[in-house]
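# Chain and residue survey
Here is how the chains run, residue by residue.
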Amino acid sequence: MPVTNAHASSEWRRFAAGSVERRMLAAMSDECGVELRPRPLVLAGSRVEVEGIDADGRIVVQLVANQGAYKPSYRNKVMADLFKLLWLRESVPNAERAVLVVTRLVVQALGGWVAVAAVDLGIEVYVFDGERVERLRSES
């Protein structure tokens, strides 16, 4: 599927300096050893915002940065991002890795079959503790 960069005025325009999302992406960049930045792409004529992607397009990242009290709707966000990551990994020509980064609060949304499905589908899940990311450990 053809992919092009959509025009963006700034790579960080979606995430303000000091925002949780920006810190999550910086922590994941440290973990991967490459710079990950937000980037709008056009895939098969459709514009899509990728919350994190390296310059070579090998790693695609989605972030779930919810904080405060847990809401059941966070599970829907997690599942939507898992689906988006599957599509991105198949659609971005060089994509090899699909990564979901969540806050500690959102880990609850990965209970039961959702975490198992992520592992089975080859999506890496990391948890952001406010400073660093750590791979989510399965309980199996």
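Computed from a predicted model, the values in this text were never measured in an experiment.

This part is about the overall build of the protein chain. In terms of regular secondary structure, the protein chain is built from three helices and seven strands. Of the regular secondary structure in the protein chain, the N- to C-terminal order runs β-α-β-β-β-α-β-α-β-β. Classification of the 140 residues of the protein chain by burial places 44% in the buried group. Long-range pairs, those at least 24 residues apart, make up 65% of the contacts in the protein chain with a sequence separation of at least 6. Accessible surface computed for the protein chain: about 7500 Å², of which carbon and sulfur atoms make up 50%.

Bringing a negative patch on the surface into the picture now. Together, Asp30, Glu31, Asp129 and Glu134 make up a region of like negative charge exposed at the surface. For Asp30, a relative accessible area of 67% gives the class exposed.

With that settled, the discussion passes to the pattern of salt bridges. Applying the stated criterion across every chain yields a total of six salt bridges. Between Glu35 and Arg37 there is a salt bridge whose closest N-O contact spans 3.7 Å. Taking relative accessible area as the criterion, Glu35 reaches 57% and is therefore assigned exposed.

On to the nonpolar core, then. Counting 26 residues, the largest nonpolar core has Val78 and Leu100 as its most contacted members. Looking at this core, the elements that each hand over two or more residues are β2 (37-43), β3 (46-53), β4 (59-64), α2 (73-91), β5 (97-103), α3 (113-120) and β6 (123-128). In terms of residues, this core owes the most to one element, α2, which gives five residues. For Leu100, the contacting residues outside a window of four places in its chain are Gln62, Val64, Val78, Asp81, Leu82, Leu85, Ile123, Glu124, Val125 and Tyr126. Formed by 17 residues, the second largest nonpolar core is a distinct cluster that contains Ala27, Val101, Tyr126 and Phe128.

Extensive coverage of β4 is indicated by the burial of six of its six residues. A two-sided burial pattern is seen for β4, the buried positions comprising Ile59, Val61 and Leu63 on one face and Val60, Gln62 and Val64 on the other. Bridging between β3 and β4 involves two bridges; their strand directions are antiparallel. Across the sheet, Gly52 pairs through a bridge with Val61, a residue of β4. Between β3 and β4, which follow one another and run antiparallel, lie five residues, and Gly57 among them has a positive phi close to 70 degrees. In this fold, β4 hands off to α2, which returns the chain to β5; that crossover is right-handed.

Scoring rules and cut-offs
- Residues numbered from 1 in each chain as written.
- Predicted model: local features only at pLDDT ≥ 70, side-chain atom pairs only at ≥ 80, totals over all residues.
- Heavy atoms only, no water.
- Helix = DSSP H or I, 4+ residues; strand = E, 2+ residues; numbered from the N terminus.
- Buried < 20%, exposed > 50% of the residue type's maximum accessible area, 1.4 Å probe, protein only.
- Contact = heavy atoms within 4.5 Å.
- Areas by Shrake-Rupley, 256 points an atom, 1.4 Å probe, with all protein chains shown as cover.
- Patch = residues over 30% accessible without salt bridge, like charges linked within 9 Å, V, L, I, M, F, W, Y side chains within 5 Å.
- Salt bridge = Lys/Arg side-chain N within 4 Å of Asp/Glu carboxyl O.
- Lys, Arg positive; Asp, Glu negative; His and termini not counted.
- Charge placed at Lys NZ, Arg CZ, Asp CG, Glu CD.
- Core = buried A, V, L, I, M, F, W, Y, C linked by side-chain atoms within 4.5 Å.
- Pairing = 2+ DSSP bridges.
- Right-handed = clockwise from strand over helix to strand, strands pointing away.

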